[in-house]
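Below, each chain spelled out in residue letters.
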Amino acid sequence: MKKLIISNWKMNYGPIKAGAWIRAFRRERLPKDVDIAVAVPFVSLPAARASLGRASIPALSAQDCFWAEEGAYTGEISASMLHEFGTEMCLVGHSERRAFCGETDDMIAKKAGSLQAHNIVPVICVGDTAVQRKKGEHMKVVKAQVAAAIAMLKADTKIPFVIAYEPVWAIGSGKPCVPQDARDMHVAIRGVLAKKFGATTSEKIRIIYGGSVDTRNILEYMTTMGIDGALVGGASLDPRNFGLLCRAAVPA
Ligand code: 13P
């Protein structure tokens, strides 16, 4: 399976800096056999697109959407609007949105379903907290998050979806999950997918890891069985460092 690396800018870079980031990243030498995407704040998507020009790498992703088609939902952006703009992917259920915006599994399921219905690849983020891991509940918690989030998804479509396992305690902490523990979680997640879609189909769904991924540890994740890519925050804010990270993701 082709690996996928996504840069998540989070709430960084308005249109001016977004354009500059894309132009700088376009100068980077990139590995051919890796899909690369960048998740951009809504207002910066047009500037990112303009700076991309005819280039198709990185693919553009949004960081969130709303599930309804249109109507009285002040402040929200629908999947159909993102489709009209031409966004290829969209994150949903990032732990920061679960924590700061009160997003529930049910909301995340509806967002993912709406994205897939509008031909946008949902990247569903799941993850355990430090307390849950300490109590030994992490597998149960994450499996339940995945089962809830995929409730409205289909696997027999041209629009796949991606699961991003991001342990909350590893995000921005400089304390990444050791690859073997991430692998164990990815196996558990694939089990949930297999239950709904069958084993063969579940093998085709990308499960990526996020949480303190950097230029030094990326290769270990990418070469660990069952880890199909990475979702990168801090180490991707500098376009040259993200270029370096993408190159470091494939064995020399
Ligand atoms: P860091 O790479 O900064 O730990 O962030 C991970 C993340 O939350 C990406 O979505």
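This is a predicted model, so every value here is computed, not measured.

Student: Lay out the environment of S7 in plain terms, naming residues and giving numbers.
Tutor: Mapped onto the elements of the fold, S7 is located in strand β1 (residues 3-8). Sequence-wise, S7 and V232 are 225 residues apart; in three dimensions their C-alpha atoms are separated by 4.9 Å. Polar contacts involving the side chain of S7 include one to the side chain of S236, which spans 2.8 Å.

Student: Give a detailed account of helix α8 (residues 179-197), specifying residues and quantitative values.
Tutor: Spacing of three or four residues puts side chains on the same side of an α-helix, whose turn is 3.6 residues. The end-to-end C-alpha distance of α8 is 26 Å, a good match for the 27 Å that 19 residues give at a rise of 1.5 Å each. Those residues of α8 that sit buried are P179, A182, M185, H186, A188, I189, R190, V192, L193 and F197. G198 lies just past α8 and shows a positive phi near 95°.

Student: Now, about the site of the ligand: what can you tell me, with residues and values included?
Tutor: What surrounds the ligand is a group of 13 residues, the closest being K10, G172, S212, G233 and G234. N8 is positioned such that a nitrogen or oxygen atom in its side chain is 2.9 Å from an oxygen atom of the ligand. Between the ligand and E166 there is a distance of 3.0 Å, counted from an oxygen atom to a side-chain nitrogen or oxygen. Coverage of the ligand by the protein amounts to 95% of the 310 Å² it exposes when considered alone. Class assignment of the residues belonging to the shell around the ligand gives a composition of 4 nonpolar, 7 polar and 2 charged.

Student: Could you give me a rundown of the sheet that holds strand β6 (residues 162-165), with the residues and numbers involved?
Tutor: The strand order around the closed barrel built from 8 strands is β1-β2-β3-β4-β5-β6-β7-β8, with neighbouring strands paired in parallel fashion. Averaged over neighbouring strand pairs, the angle between their axes works out to 25° when direction is ignored. In terms of strand pairing, strand β4 (residues 89-92) meets strand β5 (residues 121-126) through 4 bridges, oriented parallel. Considered in β5, the bridge of C90 is made with P122. Contacting β5 and β6, helix α7 (residues 138-149) runs over the sheet at an angle of about 155° to β5.

Student: Could you give an account of helix α11 (residues 239-248), naming the residues involved and the relevant values?
Tutor: Taken together, the buried positions of α11 are P239, F242, G243, L245 and C246. Projected down its long axis, α11 shows its buried positions confined to an angular sector of 160°, all on one face. Its buried side turned inward, α11 meets β1, α1 (15-26), β2 (34-39), α10 (218-222) and β8 (229-232). For α11, the N-terminal capping position is held by D238, with its side-chain oxygen 2.7 Å away from the main-chain nitrogen of R240.

Definitions and cut-offs
As a convention, each chain's residues are numbered from 1 in the sequence order in which they are written. Given that this is a predicted model, residues contribute local features only at a pLDDT of at least 70 and side-chain atom pairs are listed and counted only at 80 or more, while totals for whole chains, interfaces and linings are drawn from all residues. Computation of side-chain values: all heavy atoms of the structure, hydrogens and water removed. In DSSP terms, a helix is any run of H or I states spanning at least four residues, a strand is any run of E spanning at least two, and both are numbered starting from the N terminus. Between N or O atoms, a polar contact is any pair within 3.5 Å; within protein, one atom must be a potential hydrogen donor and the other a potential acceptor, and residues adjacent in sequence are included only when both atoms are from side chains. Given a helix with a known number of residues, its expected span is that number minus one, times 1.5 Å. Exposure is judged per residue with a 1.4 Å probe applied to protein chains only, and the accessible area is read against the type maximum: over 50% gives exposed, under 20% gives buried, and values in between give partly exposed. Distances are taken per atom, and a residue is near a molecule or strand as soon as one of its heavy atoms is within 4 Å of it. The Shrake-Rupley method, run with a 1.4 Å probe sphere, supplies the accessible areas, and residue values consider only the shown protein chains as cover. Lys, Arg, Asp and Glu make up the charged group, whereas Ala, Val, Leu, Ile, Met, Phe, Trp, Tyr, Cys and Pro make up the nonpolar group; the residues left over, Gly among them, are polar. Two strands qualify as a pair provided DSSP detects at least 2 bridges between them. To get an axis, a line is fitted to the C-alpha atoms, and for a helix only the part in contact is used. The angle between two axes follows their N-to-C directions and goes from 0 to 180 degrees. Contacts between residues were defined by any pair of non-hydrogen atoms, one from each residue, lying within 4.5 Å. Throughout, the arc means the angular range of directions from the helix axis out to the C-beta atoms.

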